Amino acid sequence: MAGHSQFKNIMHRKGKQDAQRSKAFSKLAREITVAAKLGTPDPAMNPRLRAAVIAARQENMPKDNIERAIKKAIGGDSENYDEIRYEGYGPGGVAVIVEALTDNRNRAASDIRSYFTKSGGNLGETGSVSFMFDRTGVIEYDAGKASADDMLDAAIEAGADDVLSSEGGHEVFASQETFRDVAKALEAKFGEPRKAALIWKPQNTVAVDDETGEKLFKLMEHLNEHDDVQNVYANFEVSDALMAKMAG
């Protein structure tokens, strides 16, 4: 399991406090507004906006908040955000990609660079680690939505590249070009997914010891807590013992 997936699972198990929930809503609203501004404000016609709305629903973001974020883009009174991708190496030489939406490039770069440095890693140039990842679409469903065989059959028929099924659910991967069509086909068969988005999927993962793993989780936690950071991806694996410790 990739590092970013492990981190998300741990954070969900720990539960969210009000402050974290407020910050999550703020980030979701920012992505919805940017997606609506860059394309059409209709989620059915705008894949990025649809993915953002689905993510917001999964976090139980109120419908009014979602509609307000879309209207903000239509009204033209929204802030201008730059989309920036930061790349670097964390503890143990693990490759890390950070996606940000910021209204202050200097602040974001300075903060993110300091997180990498304090963790014993270093921020690199754009392209320094992304070659170790594939830019791909992922559509996720809960395990109860379909059997592994049914999901595999539907994914193949829809033109997907790969399917991973486990107790935690189904992950269907599709290329950037086929992502929208695959997502539509699966939604017609199984209903709305719990996630549908373009991600950075590691081509290979690096196993790290528990001490390094803890440092990496700390780095990812700091990054995810930053207001400008939308997504963090990494290519590491940790032991089951550390997973249990972090989740506990």
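Residues numbered from 1 in each chain as written. Predicted model: local features only at pLDDT ≥ 70, side-chain atom pairs only at ≥ 80, totals over all residues. Heavy atoms only, no water.

1. Quick look at the environment of Glu79
For step 1, the next point in the chain: For Glu79, the position within the fold is in the loop between helix H4 (63-75) and strand S1 (82-89).
For step 2, the next point in the chain: Using a relative accessible area of 37% as the deciding quantity, one classes Glu79 as partly exposed.
For step 3, the next point in the chain: Considered as a pair, Glu79 and Arg30 are 49 residues apart in the sequence and their alpha carbons are 9.2 Å apart.
For step 4, the next point in the chain: Setting aside chain neighbours within four positions, we find Glu79 in contact with Lys37 and Lys72. (Helix = DSSP H or I, 4+ residues; strand = E, 2+ residues; numbered from the N terminus. Buried < 20%, exposed > 50% of the residue type's maximum accessible area, 1.4 Å probe, protein only. Contact = heavy atoms within 4.5 Å.)

2. A closer look at the pattern of salt bridges
For step 1, the next point in the chain: One pass over the structure, following the stated rule, counts 17 salt bridges.
For step 2, the next point in the chain: The salt bridge involving Asp162 is made with Lys201; its shortest N-O contact spans 4.0 Å. Taken as a pair, Asp162 in strand S5 (residues 162-166) and Lys201 in strand S7 (residues 195-202) lie far apart in primary sequence, 39 residues in all.
For step 3, the next point in the chain: For Asp162, a relative accessible area of 33% gives the class partly exposed.
For step 4, the next point in the chain: Linked through salt bridges whose partners overlap, the residues forming this network are Arg30, Asp103, Arg107 and Asp228. (Salt bridge = Lys/Arg side-chain N within 4 Å of Asp/Glu carboxyl O.)

3. Details of the packing of aromatic side chains
For step 1, the next point in the chain: With the rule as written, the count across this model stands at two aromatic pairs.
For step 2, the next point in the chain: On the numbers, 5.8 Å between centres and 65° between planes, the contact of Tyr141 with Phe190 is edge-to-face. Pair noted here: Tyr141 is in strand S4 (residues 133-141) and Phe190 is in helix H7 (residues 179-190), with a separation of 49 residues, a long-range link. Here the two residues Tyr141 and Phe190 agree in accessibility, since each one is buried.
For step 3, the next point in the chain: Ring geometry for Phe217 against Phe236: centres 5.6 Å apart, planes inclined by 70°, an arrangement best described as edge-to-face. Of this pair, Phe217 sits in helix H8 (residues 210-225) while Phe236 sits in strand S10 (residues 236-237); the two residues are 19 residues apart in sequence, bridging distant segments of the chain. (Phe/Tyr/Trp six-rings, centres within 6.5 Å; stacked < 30°, edge-to-face > 60°.)

4. Describing the layout of surface pockets
For step 1, the next point in the chain: By volume, the second largest pocket amounts to about 210 Å³.
For step 2, the next point in the chain: Together, 15 residues line the second largest pocket, and Arg50, Arg180, Ala183, Lys184 and Glu187 are the ones closest to its centre.
For step 3, the next point in the chain: Among the secondary structure elements, those contributing two or more residues to the lining of the second largest pocket are helix H3 (47-58) and H7.
For step 4, the next point in the chain: The element best represented in the lining of the second largest pocket is H7, accounting for five residues.
For step 5, the next point in the chain: Counted by class, the lining of the second largest pocket contains ten nonpolar, one polar and four charged residues.
For step 6, the next point in the chain: Built from parts of two domains, the lining of the second largest pocket gets at least three residues from each of domain 1 (3-75) and domain 3 (143-193). (1 Å grid on protein atoms, 1.4 Å probe; cavity = no way out; pocket = protein on both sides within 12 Å on 5 of 7 lines; lining within 4 Å. Points joined across faces, edges and corners; volume = space filled by probe spheres on them. Nonpolar A, V, L, I, M, F, W, Y, C, P; charged D, E, K, R; others polar. Domains from an automatic or database assignment.)

5. Focus: the pairing of S5
For step 1, the next point in the chain: As paired strands, S5 and strand S6 (residues 169-174) are joined by five bridges and run antiparallel to one another. Bridging from a neighbouring strand, Leu164 pairs with Glu171 of S6.
For step 2, the next point in the chain: Taken together, S5 and the strand that follows it, S6, pair antiparallel across an intervening segment of two residues. (Pairing = 2+ DSSP bridges.)

6. Digging into the nonpolar core
General note: in soluble globular proteins, nonpolar side chains tend to be found buried as a group.
For step 1, the next point in the chain: Residues Tyr86, Val96, Val98, Ile112, Phe116, Leu223 and Phe236 are the most contacted members of the largest nonpolar core, which totals 24 residues.
For step 2, the next point in the chain: Broken down by secondary-structure element, the contributors of at least two residues to this core are S1, strand S2 (95-102), helix H5 (105-118), H8, strand S9 (229-234) and helix H9 (240-247).
For step 3, the next point in the chain: A per-element tally of this core places H8 first, with five residues.
For step 4, the next point in the chain: Counting 17 residues, the second largest nonpolar core, distinct from the first, contains Ala155, Val163, Phe190 and Ala196. (Core = buried A, V, L, I, M, F, W, Y, C linked by side-chain atoms within 4.5 Å.)

7. Here we look at the packing of H8 against H9
For step 1, the next point in the chain: The geometry of H8 relative to H9 is characterised by a closest axis approach of 10 Å and an angle of 40° between their N-to-C directions. When the axes of H8 and H9 are compared, the pair comes out oblique. Read as a crossing pair, H8 and H9 show a hand that is right-handed. Each of Asp210, Gly213, Glu214 and Phe217 in H8 lies in contact with H9, whose residues at this interface are Leu242, Met243, Lys245 and Met246.
For step 2, the next point in the chain: Classifying every residue of the contact of H8 with H9 gives four nonpolar, one polar and three charged. (Axes fitted to C-alpha atoms, helices over the stretch in contact; angles between N-to-C directions. Parallel < 35°, antiparallel > 145°, perpendicular 65-115°, else oblique. Left-handed = near helix turned anticlockwise from the far one by under 90°.)

8. Focus: the confidence of the model for the protein chain
For step 1, the next point in the chain: Considering every residue of the protein chain, the mean pLDDT works out to 88; 91% of them sit at 70 or more.
For step 2, the next point in the chain: Every residue in residues 1-7 scores below 50 in pLDDT, and together they form 28 contacts with partners more than four places removed in sequence or on other chains.
For step 3, the next point in the chain: Overall, residues 9-16 carries pLDDT values under 50, and its contacts beyond four positions in sequence, including any with other chains, amount to twelve contacts. (pLDDT = per-residue confidence, 0-100.)

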